[in-house]
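Letter by letter, the chains look like this.
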Amino acid sequence: MAKRSRILGCGSYLPANVVTNRDLEQRVDTSDEWIVQRTGIKSRHIAAEGEMTSDLAVAAAVRALEHAGVDAGSIDCIVLATTTPDNTFPATATKVQAALGTKGFALDIQAVCAGFVYALSIADNFIRAGQATRALVIGAETFSRLLDWNDRTTCVLFGDGAGAVVLDGYEGAGTSNDRGLLSTHLHSDGAHYDLLYVDGGPSSTGMTGHVRMHGQDIFRHAVSKLSAVVEEALTANGLEPSAVDWLVPHQANQRIIDGIARKLKLSSDKVVLTVDRHGNTSAASIPLALCEAVHDGRIKRGDLILMEAIGGGLSWGSALVRW
Ligand code: ACO
């Protein structure tokens, strides 16, 4: 027997305002053709003025609780992955806690685009250690607020949104046939801190700052590090790539996603893709994609799901989940 965390349900939320590549052509020197060819992105959702990360997170969490069929009062832990908190402190998760009426404790974690995989791992560890019984794991971002809308190399890439899952502890058999999280693998390498960062912060400039990125270097690291971390996940569970039913990757760039799918010899119909309509929503991208494929019926009970993500830090990781 082994203590496991299974996913009882998921929910997501996207702001109403859709910004297309054509809209961006009016703001910066770019083209729909360039953006689609280099990234696969066609449009993204942008939060309305006054719409905050906590608003997106609460909307996604309410839907996740509904889908899971559980009361907010039964949740004793919230782990919210975000790079764009409402305020520098307190944790945005505490605002979500108050809005939902959950018990126990609530914290934010910061691993940029790898945030959701990190948050899943943290909540899973709380559950397996007996410190929580039922957790809400949320990825929520108003990433548009960190963008320099005059910098065409970054502003075309990102979007806003939120996704959430309800994790619940149970006793599994301890095999890869168990439902829920089979494993998570996390890595970071601060030697690459300057490849992708925000040029501000409370302790440095006192300002929020804007995203700066060395895109080609990130691209190279993404392909090699994500390939390694998905292999690590499969090896740790004694599984072959052919056992994977769905790749639910972080949605930064379709070319990176295609590269990982090719390495795993997964056909494109086994890959959940939302980057075309969401852009890169950082910590929200995996739960947004997961929810889409669960709610449209592609992901079914018993399916094996491989998640992977990389972001600033560099921070990266994978999660293997049986639905
Ligand atoms: N429109 C038109 N031209 C552009 C644009 C744009 N939006 N942006 C850049 N260009 C130009 C550049 O100026 C350059 O022009 P030049 O050759 O005259 O100098 C040319 O296009 C090529 O630029 P590159 O940067 O070499 O383009 P590349 O093919 O590398 O694509 C991209 C850039 C899409 C950013 C890619 O490198 C990438 O996806 N990198 C990975 C990003 C990523 O995965 N991030 C994940 C983590 S995000 C996080 O953690 C927050």
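So, here's what we can say about the structure. (Residues numbered from 1 in each chain as written. Predicted model: local features only at pLDDT ≥ 70, side-chain atom pairs only at ≥ 80, totals over all residues. Heavy atoms only, no water.)

So, on to the layout of surface pockets. Estimated volume of the largest pocket: approximately 1,000 Å³. Surrounding the largest pocket, 38 residues form its lining, Thr83, Gln110, Val198, Gly200 and Thr208 being those nearest its centre. With three residues, the top contributor of residues to the lining of the largest pocket is strand β9 (residues 196-198). Taken together, the residues of the lining of the largest pocket sort by class into 17 nonpolar, 17 polar and four charged. (1 Å grid on protein atoms, 1.4 Å probe; cavity = no way out; pocket = protein on both sides within 12 Å on 5 of 7 lines; lining within 4 Å. Points joined across faces, edges and corners; volume = space filled by probe spheres on them. Helix = DSSP H or I, 4+ residues; strand = E, 2+ residues; numbered from the N terminus. Nonpolar A, V, L, I, M, F, W, Y, C, P; charged D, E, K, R; others polar.)

Taken as a whole, this structure holds 16 salt bridges when the rule is applied. Arginine 4 is the partner of aspartate 178 in a salt bridge, and the nearest nitrogen-oxygen pair spans 2.9 Å. Of this pair, aspartate 178 sits in the loop between β7 (161-172) and β8 (180-188) while arginine 4 sits in strand β1 (residues 2-13), and the two are 174 residues apart along the sequence. An identical accessibility class is assigned to aspartate 178 and arginine 4; each is buried. Taking the shortest distance from any N to any O, the salt bridge between aspartate 148 and arginine 212 comes out at 3.2 Å. Here aspartate 148 is found in the loop between β6 (134-141) and α6 (152-155), whereas its partner arginine 212 is found in strand β10 (residues 211-213), with 64 residues between them in sequence. Looking at arginine 212, the relative accessible area reads 22%, which means it is partly exposed. One connected set of salt bridges, linked through shared partners, spans Asp276, Arg277, Glu292, Asp296 and Arg298. (Salt bridge = Lys/Arg side-chain N within 4 Å of Asp/Glu carboxyl O. Buried < 20%, exposed > 50% of the residue type's maximum accessible area, 1.4 Å probe, protein only.)

With that settled, consider the packing of helix α7 (residues 215-236) against helix α8 (residues 254-263). Viewed as axis vectors pointing N to C, α7 and α8 meet at an angle of 35°, and their least axial separation amounts to 10 Å. For α7 against α8, the interelement crossing comes out right-handed. When α7 is examined against α8, the residues Phe219, Ala222, Val223, Leu226, Ser227 and Val230 are found in contact with a partner set consisting of Arg255, Ile256, Ile260 and Lys263. (Axes fitted to C-alpha atoms, helices over the stretch in contact; angles between N-to-C directions. Left-handed = near helix turned anticlockwise from the far one by under 90°. Contact = heavy atoms within 4.5 Å.)

Around the ligand sit 27 residues in total, of which Thr30, Arg38, Cys113, Gln216 and Asn253 are the nearest. Separating a nitrogen atom of the ligand from a backbone N or O atom of arginine 152 is a distance of 2.8 Å. Within the backbone of glycine 215, one N or O atom sits 3.0 Å away from a nitrogen atom of the ligand. Contact with the protein chains hides 75% of the accessible area of the ligand, taken as 1,000 Å² for the molecule alone. (Near = heavy atom within 4 Å. Polar contact = N/O pair within 3.5 Å; in protein donor to acceptor, adjacent residues only side chain to side chain. Areas by Shrake-Rupley, 256 points an atom, 1.4 Å probe, with all protein chains shown as cover.)

Everything listed here is a matter of geometry and, on its own, says nothing about what the molecule does.
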